[in-house]
Amino acid sequence: MANSMDQTDSSFSFSDFPEDIQLCILSFLSPPEISSFACSSKRSVSLCRSDTKFWFTMCQRRWGSKTQINKWGRGNITYKLLYKTLTQWENLIGFWRHCGRPNLSGQCPGLIIFEWGPSFVSGSRVCPSNDGTYHVTKAPFLWMGISPDGQIVNFLDLEGQTKVPSGDFDSWLEFVCLDQNLVPVNVNFMGNDHFIVEENSTFWHSSKSNAGFRRSSSSKNLIEDSEEVIVVGAESGSPGSLPDRLISEMYTHFANRISPGGDRAWRRQRKKEKERQGRRKWEPEHFLKVIDCLPTPDKPLQGLWKGISDDMNLNFYLVKYDEIGGIICHRVGDLSSYAPPVFWTSEPMLMKSPFSPEEEHIYDDRIHMQPLAAQDHVHSQPAMTGIEMVSQILHINSSCNLTVSGLTGSAGLQHGEGRIWKYMNGTFGFGFLQDHFIIDLKHLIQA
């Protein structure tokens, strides 16, 4: 009997833990698991509804080491809203590339990196230097934050000149929202690896009492401005915003056409629409996530690389492995559907040392493209001139093999054939047999 009583006394339930221990344990659960837990008792419901305790703990455990949780929205928003927003934005952190037609204006970068700020997420354009070195420049491109009234605010920095806010993001926004180079935009997510940046043409500034700006795009609140319908109040990128806006525009269009004097009103509306389109500063652009930006032991060539080309300009390269083990390399900025790859191979068979005299001659007979040492003290180093620096060699093909595979070069070599030379330090260089140089690639980022 005593034994049984001891066992009963030693058992306790989850509710017997101190509240801070309960919150710490619950912070590791996913939202569906939290919903299940909340259904277990009234005490559980009360605990999960506590914004300052439960949802703050959820946010703090997940992002507290990356951003300042209590500064978002100037501390006026709920932590439940913050958790919902950052859960989606968390996937932005890392590299993204522009997808679609080439952008000739130079405003749309080919490569973006998203990073955490104290109370915002910032996307910076990553560009090669134009001085013949390995230097890489980073400039502001997209700012994403939450206003004190809980609205998503996104601004595009077309010139890349805006300074990084050192203090409160919303106080900074009050000052910079009047900058003509900052364009309000909507960021619409299409899955986890694709988003679209569209200009928010209905965004307009309001009084300081509304944090210096006013949100737009919703079917909930319609404000009639003369004969023009302006929609306000929804979160950026909400799934229903675009269809709702189209429905309101269709209604206005047909209502004006059939009403007395509607033809004149319709023409005035069309004129205003054309004027608004003429003021547009940004066309919709698509971006895709660069998922594998670093090499792995199984895929040593994978990732983002940088190298000096034969014209002494720095270029970025993205190397990927396909499902059957093939390797393909594109130049970042040329990643449209019609741009040919820089090199490719369907059979990545690596040759290991010792190499044949023919392979040694192919390597030793070529020069290495190097940065201007006088301007690049960090990366300037002796070229990989000796075959002893090469650990493996891989046969590759250039893009011309996709269209003129029947042509042959000198010594019976196929036109467009080339090599990848993998170096002892983990980097590699590539070149083609019809050329007399090797482009040595370095990591764009380090692990």
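This is a predicted model, so every value here is computed, not measured. (Residues numbered from 1 in each chain as written. Predicted model: local features only at pLDDT ≥ 70, side-chain atom pairs only at ≥ 80, totals over all residues. Heavy atoms only, no water.)

Q: Before we go on, may I ask you to explain the overall build of the chain in this structure?
A: Summing up its helical and strand segments, the chain has 10 helices and 20 strands in all. Expressed as a percentage of the 447 residues in the chain, the buried residues total 44%. Split by element, the accessible area of the chain, about 24,000 Å² in all, is 54% carbon and sulfur. (Helix = DSSP H or I, 4+ residues; strand = E, 2+ residues; numbered from the N terminus. Buried < 20%, exposed > 50% of the residue type's maximum accessible area, 1.4 Å probe, protein only. Areas by Shrake-Rupley, 256 points an atom, 1.4 Å probe, with all protein chains shown as cover.)

Q: Just to check I follow, could you spell out the pattern of salt bridges for this structure?
A: Side chains that carry opposite charge are capable of pairing whenever their charged atoms lie near each other. Inspection of the entire model under this criterion finds five salt bridges. Among the ionic pairs, Glu90 bridges to Arg62, the shortest N-O distance being 2.8 Å. Note that Glu90 is positioned in the loop between helix H6 (79-89) and strand S1 (94-99) and Arg62 in helix H5 (residues 51-63), a separation of 28 residues in sequence. Using a relative accessible area of 23% as the deciding quantity, one classes Glu90 as partly exposed. Shared partners join several salt bridges into a network, and the residues in it are Arg62, Lys66 and Glu90. (Salt bridge = Lys/Arg side-chain N within 4 Å of Asp/Glu carboxyl O.)

Q: What exactly am I supposed to notice about the packing of H5 against H6 here?
A: Between two packed helices, both the angle of their axes relative to each other and the distance between the axes serve to describe the pair. Closest axis-to-axis distance for the H5/H6 pair is 8 Å, and the angle between their directions is 25 degrees. As summarised for this structure, H5 and H6 are arranged roughly parallel, according to the angle between their axes. Read as a crossing pair, H5 and H6 show a hand that is left-handed. Together, Asp51, Thr52, Trp55, Phe56, Met58, Cys59, Arg62 and Trp63 of H5 and Tyr79, Lys80, Leu82, Tyr83, Leu86 and Thr87 of H6 make up the contact between the two elements. Broken down by class, the residue content of the contact of H5 with H6 amounts to nine nonpolar, two polar and three charged. (Axes fitted to C-alpha atoms, helices over the stretch in contact; angles between N-to-C directions. Parallel < 35°, antiparallel > 145°, perpendicular 65-115°, else oblique. Left-handed = near helix turned anticlockwise from the far one by under 90°. Contact = heavy atoms within 4.5 Å. Nonpolar A, V, L, I, M, F, W, Y, C, P; charged D, E, K, R; others polar.)

Q: Honestly, unusual backbone geometry in this entry has me stumped. Any pointers?
A: Negative phi is the rule for most residues except glycine; trans is the rule for most peptide bonds. Backbone torsion omega between Ser353 and Pro354 reads 5 degrees, so that peptide bond is classified as cis. Mapped onto the elements of the fold, Pro354 is located in the loop between strand S15 (350-352) and helix H10 (357-364). The phi angle at Arg74 is positive, at roughly 60 degrees, despite the residue not being glycine. Along the chain, Arg74 turns up in the loop between H5 and H6. With a relative accessible area of 33%, Arg74 lands in the partly exposed category. Notably, Met312 is not glycine yet its phi reads approximately 65 degrees, a positive angle. Turning to its location among the elements, Met312 is positioned in the loop between strand S11 (303-308) and strand S12 (314-321).

Q: Is there a simple way to think about the packing of aromatic side chains in this case?
A: Two measures describe an aromatic ring pair: the distance that separates the ring centres and the angle between the ring planes. Across all of its chains, the model carries 16 aromatic pairs by this definition. With 5.1 Å between their ring centres and 70 degrees between their planes, Phe56 and Tyr79 make a pair best called edge-to-face. Taken together, the positions of Phe56 in helix H5 and Tyr79 in helix H6 put the pair 23 residues apart, joining distant regions of the chain. Counting every residue linked through ring pairs, the aromatic cluster contains Trp96, Phe114, Phe141, Phe189, Phe195 and Phe287. The positively charged end of Arg61 is found above the aromatic ring belonging to Phe28, 4.3 Å away from the centroid. Above the plane of the ring of Tyr134 lies Lys442, whose end atom (NZ or CZ) is 5.3 Å from the centre. (Phe/Tyr/Trp six-rings, centres within 6.5 Å; stacked < 30°, edge-to-face > 60°. Lys NZ or Arg CZ within 6 Å of the ring centre and 35° of its normal.)

Q: Would you explain the sheet that holds strand S6 (residues 182-189) in this entry?
A: Backbone hydrogen bonds are what pair the strands of a sheet, in a parallel or an antiparallel way. Pairing is antiparallel in the closed barrel, where eight strands are placed in the order S1-S2-S3-S4-S5-S6-S7-S10. Here the average twist between neighbouring strands, direction ignored, is 35 degrees. Pairing analysis gives eight bridges linking strand S3 (residues 121-128) to strand S4 (residues 136-146), with the strands arranged antiparallel. Along S4, the bridge assignment pairs Cys127 with Thr137. Along the sheet, H6 makes contact with strand S2 (111-116), S3, S4, strand S5 (152-157) and S6, crossing S4 at roughly 150 degrees. (Pairing = 2+ DSSP bridges.)

Q: Is there a simple way to think about a nonpolar patch on the surface in this case?
A: Together, Phe12, Phe17, Ile21 and Ile25 make up an exposed nonpolar region whose accessible area comes to about 360 Å². Along the polypeptide, Phe17 turns up in the loop between helix H1 (2-10) and helix H2 (19-26). (Patch = residues over 30% accessible without salt bridge, like charges linked within 9 Å, V, L, I, M, F, W, Y side chains within 5 Å.)

Q: What should I look at first to understand H2 in this one?
A: In an α-helix, one turn spans 3.6 residues; hence positions three or four apart end up facing the same way. Every buried residue of H2 is listed here: Gln22, Leu23 and Leu26. Take H2 and look down its axis: the buried residues cluster within an arc of 95 degrees, on one side only. Here the buried face of H2 lies against helix H3 (31-38), helix H4 (42-48) and H5. (Arc of directions from axis to C-beta.)

Q: Help me understand the nonpolar core in this model?
A: A general tendency of soluble globular proteins is for nonpolar side chains to be buried together. Of all hydrophobic cores here, the largest spans 41 residues; its most connected members are Trp72, Leu82, Trp89 and Phe114. The element contributing the most residues to this core is H6, with six residues. When residues of this core are assigned to domains, at least three fall in each of domain 1 (14-70) and domain 2 (88-201). Grouped together as the second largest cluster of nonpolar side chains are 33 residues, Leu301, Met369, Ile396 and Phe428 included. (Core = buried A, V, L, I, M, F, W, Y, C linked by side-chain atoms within 4.5 Å. Domains from an automatic or database assignment.)

Q: Hey, could you run me through a negative patch on the surface in this one?
A: On the surface, Glu360, Asp364, Asp365 and Glu388 cluster together into a negatively charged patch. Note that Glu388 resides in the loop between strand S16 (367-369) and strand S17 (390-398). Judged by its relative accessible area of 56%, Glu388 is exposed. (Lys, Arg positive; Asp, Glu negative; His and termini not counted. Charge placed at Lys NZ, Arg CZ, Asp CG, Glu CD.)

Q: Is there a simple way to explain the pairing of strand S20 (residues 437-443) in this structure?
A: Working note: regular strand, side chains alternate between the two faces of the sheet. Counted residue by residue, S20 has seven buried out of seven residues, so it is predominantly covered. Of the pairings in the sheet, the one linking S11 to S20 comprises three bridges and is antiparallel in character. Note on S20: the bridge partner recorded for Lys306 is Lys442. Bridge count between S16 and S20: three bridges; the pairing is parallel.

Q: Would you mind showing me how to read the pairing of strand S10 (residues 285-289) here?
A: In S10, alternate side chains face the same way, and those of Glu285, Phe287 and Lys289 are buried while those of His286 and Leu288 on the opposite face are not. Pairing of S1 with S10, which is carried by four bridges, proceeds in the antiparallel orientation. Note that in S10 the partner of Arg97 across the bridge is Leu288.

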